[in-house]
Amino acid sequence: MIEPWMAALGTGLVSLAVYVRTMCRTIYVGDSGELAAAVHVAGIPHPPGYPIYVLLGKLFSILVPFGKPAFRINLFSSFCSAIATAFLTLTIALLGFDPWFSSAIALCFAFSASLWSQSGITRVYALGACLSSLATFFFVKWVVNPTQTGWLMAAGLMIGFGMANHPVAGVHIPAMLAAAAVHHWQAFTDPVVLILSAASVLPGILLYFTWIPFRARTKPPVNWGNIQNGKDLWKFLSRKDYWKHRWVMDVHDAITVIMFYVRRVGTEYGFLGSSAIVIGWPIIFMQSRAMGTMAAVLIVLNTASMIAHARREDIFHWTRYMITSWYALAFPLAYGWFLMLLAVPFAARPYASFLPALLLLLTQFRKQDLSRHRYADEYSRRILECLPENATLIAQDDNVVFPLMYLRYAENIRTDIKLLEQGVHQLAELRFNPKRDAVFCTHWQQAFNQPATPRGPGLRLVAEGLIYRVISTDMMFQPRDLWESHMLPNMEDPRIPRNYLARCLLGHVYFMRGEWEVVRNAVTAAAWYDRAARMAYDNAVLQFNLGLTYDRHGWKQLSDDAFTRAEAIDRKYPHPRKVKPVPSDMTPGSALQSSSPNTGSRS
């Protein structure tokens, strides 16, 4: 019979091998570019800053002597998830299960859709799973032997570091308190244990109040919020601006979210795993009230946190925020699957126990194989390569600006370019002369589309491949045809997973092709716009912007259709001709204003 540590090591190595095989080799879409750049320069990414992720990611990237920065940080995620599965194996073994069976359950979690999706890209959730798994292991060690309070302190320490990685880890505190209350509440009547338990969480949390303001004062290239004082720090950490984007507005919405997550269990653990979870829920409370209580509280609070403030995309597209819940479900899964295995001949049980994990591996592999995914990298490189020397690039949209930040700050590509990250920093007044200065935008900016006045010429945007150039209305300008190189390779390749963010980026490529064609052939342009709409069929922002674009060209019926699609996807994007005025934060370029184009525009 193998020892638990041997089973844990084997589980971790198998998980790691799968993750490394399917990991993205370069920068990924969405937040990955910003996080990779922040890790590389030890900077401050978007709120709440993720200090432990930045510090540990930087240490890991230093210790790994090969690969570009993005590759190293993607590999860091693979290692974190592998460690999470290894310690889950040890935790389940502590509950009395055989090591081989514990390994089988941990591999189910390893190949669950949400964890696997985060195990080969630059995101904070793999590290979060690792710290959650460590905290749970230490807590169960204490549950098994309550006299060894050091394990409780270790669990608190991991929770604190988990909260320094992402605040969602905080749900472990009430979950473990509830579990302790039903198992050994007398321990917390000892004031020393109570004080030490609370104090053990502080080292991680204090990183928000020590590392972030300290590093902000050194002005790293990635320095979200430019924190200068306590007020700035509080505004940064409280994330007040994020709450206004929450999707749930009433009880019906909350029920919709709950039902979506219930159905999602089938995606995460498959039919066999889901069946085992259903069977295991009553059994876990009979066998271990502490673990049953902890798992239940984790799931309830994790779901409640999403209902309280999550955006539509956070809920329905990015189930990575629920990895804590999928982790908690591994415990009823263990009890339920053990009972189901009793129907299998005894000699075959060690092999049959791995069946749910094997099915997940086979069914999820193609969806999770990001080894050929280069869309964000290819997109951003093509933009930078086409810019003239010392140009200014105004970039917006996380999907676009973050990979550009990575190439600029981590790989030092086109250091001559002045990159203005709209939405990342408060943009200072921009003065330029369009006849002399090369200024480009990644997205339509209404501030740069102004008619001439008696005071002088206006401004207009001209599409050049994946970007717009800002020119004066009195300029004789021939835009470059860059589409031979700017159309990304393998955009329709079914072997490359195209999740929501990838489809949004590819949809924008088609949109920009339409912008190029619209002044040449309206029918061809409409076809490209339609391809954009079909590629990003569930992206309300792109559909809304298509509506604005159609409206700008006078195509009223197409405009109405696009606005209707946007409203159907997300009610926060209402049809502007039904509800006026158009919300300012939905209008491309609304953050920029311009004046005096004849003497040098400013915005």
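The structure presented is a predicted model; accordingly, all values stated were derived computationally and were not measured.

## Describing the overall build of the protein chain
When you go through the protein chain residue by residue, the secondary structure sums to 26 helices and seven strands. Against the 2.2 N^0.38 benchmark of 25 Å for 603 residues, the protein chain shows a C-alpha radius of gyration of 26 Å, consistent with a compact globule. Judged by the C-alpha coordinates and their principal axes, the protein chain covers about 85 × 50 × 50 Å. Each of the 603 residues in the protein chain was classed as buried or not, and the buried ones make up 59%. Long-range pairs, those at least 24 residues apart, make up 72% of the contacts in the protein chain with a sequence separation of at least 6. Positive and negative charge centroids in the protein chain, built from 55 and 40 side chains respectively, lie 2 Å apart.

## Points about the pattern of salt bridges
By the definition in use, this model includes 22 salt bridges. E411 serves as the salt-bridge partner of R381, at 2.8 Å between the closest nitrogen and oxygen. Here R381, found in helix α20 (residues 375-386), pairs with E411, found in the loop between α21 (398-409) and β2 (418-421); they are 30 residues apart in sequence, far enough to count as distant. Here the two residues R381 and E411 agree in accessibility, since each one is buried. Salt bridges sharing partners connect three or more residues here, namely K68, R374, D377, E378, R381, R382 and E411.

## Remarks on the packing of helix α23 (residues 500-517) against helix α25 (residues 540-552)
When two helices pack together, their arrangement is captured by the angle between the axes and the distance separating the axes. Between α23 and α25, whose axes approach to 11 Å, the crossing angle comes to 10°. Taken together, the axes of α23 and α25 lie roughly parallel to each other. From α23, C504, G507, H508, F511 and E515 reach across to α25, where they touch L542, L546, T549 and R552. Taken together, the residues that form the contact of α23 with α25 break down as four nonpolar, three polar and two charged.

## Concerning α23
The first and last C-alpha atoms of α23 sit 26 Å apart over 18 residues, in line with the 26 Å expected at 1.5 Å per residue. Burial analysis of α23 places 18 of its 18 residues in the buried class, which makes it a mostly covered element.

## Here's the deal with α21
Relative to the 16 Å expected for twelve residues at 1.5 Å per residue, α21 spans 16 Å between its end C-alpha atoms, a close match to the ideal helical length. Taking burial as the measure, the twelve residues of α21 include eleven buried ones, the bulk of the element. N399, V400, V401, F402, P403, L404, M405, Y406, L407, R408 and Y409 are the residues of α21 that are buried.

## Focus on the pairing of strand β1 (residues 392-395)
Side chains T392 and I394 of β1 all project onto a buried face; the interleaved residues L393 and A395 project onto the opposite face, where all are buried too. One ladder, built from four bridges, connects β1 with β2; its direction is parallel. Directly across from L393, in β2, lies its bridge partner L419. Assessed by its sense of winding, the connection that carries the chain from β1 through α21 to β2 is right-handed. Here β1 pairs with strand β4 (residues 439-441) via three bridges, running parallel. Directly across from L393, in β4, lies its bridge partner F440.

## Brief notes about empty space enclosed by the protein
Tallied over the entire structure, the rule returns three cavities of 30 Å³ or more. Approximately 130 Å³ is the volume found for the largest cavity. For the largest cavity, the lining is made up of 15 residues, of which Y125, G128, A129, V168 and T324 are closest to its centre. Residue assignment for the lining of the largest cavity shows that the elements contributing at least two residues are α7 (125-144), α8 (150-165) and α16 (323-328). Broken down by element, the residue count for the lining of the largest cavity peaks at four residues, all from α7. Here the lining of the largest cavity is composed, by residue class, of eight nonpolar, six polar and one charged. If you add up the space inside the second largest cavity, you get close to 50 Å³. Of all the elements in the fold, those that place two or more residues in the lining of the second largest cavity are α1 (4-22) and α6 (113-117). Residue classes in the lining of the second largest cavity are distributed as four nonpolar, five polar and no charged.

## Notes on the environment of D377
Summarising the element assignment, D377 is placed in helix α20. When its relative accessible area of 0% is taken as the criterion, D377 is described as buried. With 348 residues separating them along the chain, D377 and V29 place their C-alpha atoms 8.3 Å apart. Apart from residues no more than four positions distant in its own chain, D377 is found in contact with T26, I27 and L407. Side chain to side chain, D377 and R381 meet in a polar contact 2.8 Å long.

## So, the packing of aromatic side chains
Summed over all chains, the structure comprises 36 aromatic pairs. Ring geometry for W247 against F316: centres 5.0 Å apart, planes inclined by 85°, an arrangement best described as edge-to-face. On the criterion of sequence distance, the pair formed by W247 in the loop between α12 (240-243) and α13 (251-287) and F316 in helix α15 (residues 312-316) is long-range, its members being 69 residues apart. Its relative accessible area of 11% is what places W247 among the buried residues. A ring pair is formed by Y327 and F331, whose centres lie 5.6 Å apart and whose planes are at 85°; its orientation type is edge-to-face. As far as the burial class goes, Y327 and F331 line up, both buried. The structure contains a cluster of three or more aromatic residues connected by ring pairs, namely F97, W100, F101, Y335 and F338.

## Some details on the layout of surface pockets
As a volume, the second largest pocket reaches approximately 680 Å³. As for the second largest pocket, its lining consists of 26 residues, of which S117, R264, H317, Q368 and N499 are closest to the centre. Listing elements by their share of the lining of the second largest pocket, those giving two or more residues are α6, α13, α19 (355-368) and α23. Its residues assigned to classes, the lining of the second largest pocket comprises eleven nonpolar, nine polar and six charged.

## Re the sheet that holds β4
Spatially, five strands are ordered β2-β1-β4-β6-β5 in an open sheet, and the strand pairing comes out mixed. Each having just a single partner strand, β2 and β5 (459-464) make up the two edges of the open sheet. The sheet shows a mean angle of 30° between the axes of neighbouring strands, taken without regard to direction. Its contacts with the sheet put α23 on β5 and β6 (467-472), and the angle it makes with β6 is roughly 35°.

## Focus on the confidence of the model for the protein chain
Low pLDDT means the predicted coordinates in that region are not meant to be read closely. Here the protein chain shows a mean pLDDT of 91. Residues at 70 or above account for 94%. Note on residues 582-603: pLDDT under 50 across the span, and 65 contacts to partners over four residues away in sequence or across chains.

About the cut-offs
- Residues numbered from 1 in each chain as written.
- Predicted model: local features only at pLDDT ≥ 70, side-chain atom pairs only at ≥ 80, totals over all residues.
- Heavy atoms only, no water.
- Helix = DSSP H or I, 4+ residues; strand = E, 2+ residues; numbered from the N terminus.
- Rg over C-alpha atoms; globule rule 2.2 N^0.38 Å.
- Buried < 20%, exposed > 50% of the residue type's maximum accessible area, 1.4 Å probe, protein only.
- Contact = heavy atoms within 4.5 Å.
- Lys, Arg positive; Asp, Glu negative; His and termini not counted.
- Charge placed at Lys NZ, Arg CZ, Asp CG, Glu CD.
- Salt bridge = Lys/Arg side-chain N within 4 Å of Asp/Glu carboxyl O.
- Axes fitted to C-alpha atoms, helices over the stretch in contact; angles between N-to-C directions.
- Parallel < 35°, antiparallel > 145°, perpendicular 65-115°, else oblique.
- Nonpolar A, V, L, I, M, F, W, Y, C, P; charged D, E, K, R; others polar.
- Expected span 1.5 Å × (residues − 1).
- Pairing = 2+ DSSP bridges.
- Right-handed = clockwise from strand over helix to strand, strands pointing away.
- 1 Å grid on protein atoms, 1.4 Å probe; cavity = no way out; pocket = protein on both sides within 12 Å on 5 of 7 lines; lining within 4 Å.
- Points joined across faces, edges and corners; volume = space filled by probe spheres on them.
- Polar contact = N/O pair within 3.5 Å; in protein donor to acceptor, adjacent residues only side chain to side chain.
- Phe/Tyr/Trp six-rings, centres within 6.5 Å; stacked < 30°, edge-to-face > 60°.
- pLDDT = per-residue confidence, 0-100.

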